[in-house]
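Chain and residue survey
Chain by chain, the residues:
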Amino acid sequence: MELYHNITINHYLALSAVLFGMGALGILFRRNAIIMFMCIELMLNAVNISLVAFSKMWNHTDAQVFVFFIMVVAAAEVAVGLAILMMLYRNTHTTDTSVLNKLKF
Amino acid sequence: MLSEYAFWFLSFVAVFSAAGMIFTKNPVYSVLSLIITFFAVAGHYFLLGAQFLAAVHIIVYAGAIMVLFLYVIMMLNLNKLEEEKRNLWSKALGVAAGGILMFVLLAAVQRTDELNSITAGTYNADMGSTQNLGNVLYREFLLPFELASVLFLGAMVGAVYLSKKDLA
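The notes below deal with the structure included here. (Residues numbered from 1 in each chain as written. Chains lettered and ligands numbered in written order. Predicted model: local features only at pLDDT ≥ 70, side-chain atom pairs only at ≥ 80, totals over all residues. Heavy atoms only, no water.)

Focus on the overall build of chain B
Test applied: Helix numbering and strand numbering both begin at the N terminus, where a helix is a DSSP run of H or I of at least 4 residues and a strand a DSSP run of E of at least 2. For every residue, the accessible area (1.4 Å probe, protein chains only) is compared with the maximum for its type, and the residue is labelled buried under 20%, exposed over 50%, or partly exposed between those bounds. Residues count as neighbours in contact if any of their non-hydrogen atoms are within 4.5 Å of one another. Here the Shrake-Rupley method, with its probe set to 1.4 Å, supplies the accessible areas, and only the displayed protein chains count as covering residues.
Helix and strand counts for chain B stand at six helices and zero strands. Across chain B, helices and strands are ordered from the amino to the carboxyl terminus as α-α-α-α-α-α. Per-residue burial for chain B yields a buried fraction of 38% across its 168 residues. For chain B, the proportion of contacts with a sequence separation of at least 24, taken over those separated by at least 6, is 57%. Carbon and sulfur atoms form 72% of the exposed surface of chain B, whose accessible area is close to 10100 Å².

Put into structure tokens, the structure is as follows:
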């Protein structure tokens, strides 16, 4: 359905899919833990875009509240994740995740 | 008409700066590209009538989270260009897997024709306002809202504990 002039819900879903795919590509492509973290943020944002578009489509606020809670969880996740990253750097003096191969089969 | 151009403009900005975030070598430039992406996403929220979310998005992401990222990069002194130790084969596989995921998602979106037959009720321009969202948040979603504060407390304790000097 048309959200506003000539732009349908499918446009927003396509944008969301592209951003999500780029986030996944970044996680697979890069080995720097900070960049991988930022890619996770990008994927969360891609999902948020589609939720807000659905909220406009159904004229309902629940999806926007959901986006709000996703932001809350993302903020908590970044706080803990960056603390883990600091500890990783303190122990290995790098943020390259390819040094973390103890679990490798 | 204007909002249509705004959609395309914001989408291109978001996608290209996301690509810049992935493919630049310097982590500082990656953070700055991601901030541009977040501003474009906030613009999309405005276009969709979610004013409150657009403001919160800029405050939380560009104002707090990305500053935290920059702060960590500063403290670890990561801005020097460090060559990642990876062979070309695994990089190519990563790009292929990500590209295939994007392609499958786009193909799935393109086939959702039934979404176009939906006709929602009259559009309420006030839906994404602070007043309306506040009413919903403090009435229907009061319990999750309060639980979020417990989550933040746990995250804060965890972050402080993890960054202690004498820990393992």
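Some points on the interface of chain A and chain B
Short version of the rule: Put simply, buried area is how much 1.4 Å-probe accessible surface two parts lose in total, over both of them, once they are put together. By the criterion applied in these results, polar contacts are pairs of N or O atoms within 3.5 Å in which, for protein atoms, one can donate a hydrogen and the other can accept it, and in which residues neighboring in sequence qualify only through two side-chain atoms. Following the grouping adopted for this structure description, the nonpolar residues are Ala, Val, Leu, Ile, Met, Phe, Trp, Tyr, Cys and Pro, the charged ones are Asp, Glu, Lys and Arg, and the polar ones are all others, Gly among them.
Tallying the contact residues gives 75 residues for chain A and 87 residues for chain B. Across the chain A/chain B interface, buried area totals approximately 7500 Å², and carbon plus sulfur atoms make up 75% of it. Ranking the residues of chain A by area buried against chain B places Phe29, Met38 and Met71 of chain A at the top, with a combined share of 9%. Applying the counting criterion to the chain A and chain B interface returns seven residue pairs in polar contact (both at pLDDT 80 or more). Of all the elements in the fold, those that place two or more residues in the side of chain A that touches chain B are strand E1 (2-4), strand E2 (7-8), helix H1 (9-29), helix H2 (33-58) and helix H3 (62-92) of chain A. A per-element tally of the side of chain A that touches chain B places H3 of chain A first, with 24 residues. Tallied by class, residues from the side of chain A that touches chain B come to 49 nonpolar, 19 polar and seven charged.

Description of the environment of Thr61 of chain A
By the secondary structure assignment, Thr61 of chain A is in the loop between H2 and H3. Judged by relative accessible area, Thr61 of chain A falls into the buried class, the value being 9%. When near neighbours in sequence (up to four residues on either side) are disregarded, Thr61 of chain A contacts Met127, Asn132, Leu133 and Val136 of chain B.

Comments concerning helix H4 (residues 88-110) of chain B
Put simply, the rule reads: In this scheme, a helix's expected span is set at 1.5 Å multiplied by one less than its residue total.
Across its 23 residues, H4 of chain B extends 33 Å between first and last C-alpha, which sits within 8% of the 33 Å expected from 1.5 Å per residue. The set of residues buried in H4 of chain B consists of Lys91, Gly94, Gly98, Met102 and Val109 of chain B. Buried residues along H4 of chain B sit in contact with H1 of chain A.

Looking at the nonpolar core
Just so we agree on the cut-off: We call a set of buried Ala, Val, Leu, Ile, Met, Phe, Trp, Tyr and Cys residues a nonpolar core when their side-chain atoms join them within 4.5 Å.
Ranked by internal contacts, the top residues of the largest apolar core, which has 77 residues, are Tyr12 and Met38 of chain A together with Tyr45, Met66 and Phe69 of chain B. Counting residues per element, this core draws most heavily on H3 of chain A, which supplies 16 residues.

Considering a nonpolar patch on the surface
All names here are of chain B. Stated precisely, the cut-off is as follows: Here a patch means residues that are over 30% exposed by relative accessible area and free of salt bridges, tied together within 9 Å if like-charged and within 5 Å if nonpolar (Val, Leu, Ile, Met, Phe, Trp, Tyr). Criterion for a salt bridge: a side-chain nitrogen of Lys or Arg within 4 Å of a carboxyl oxygen of Asp or Glu.
Side chains of Leu153, Met156, Val157 and Val160 sit close together on the surface and give an oily, nonpolar patch of about 390 Å² of accessible area. Along the chain, the position of Val160 falls in helix H6 (residues 142-162). Residue classification places Val160 among the exposed positions, given a relative accessible area of 54%.

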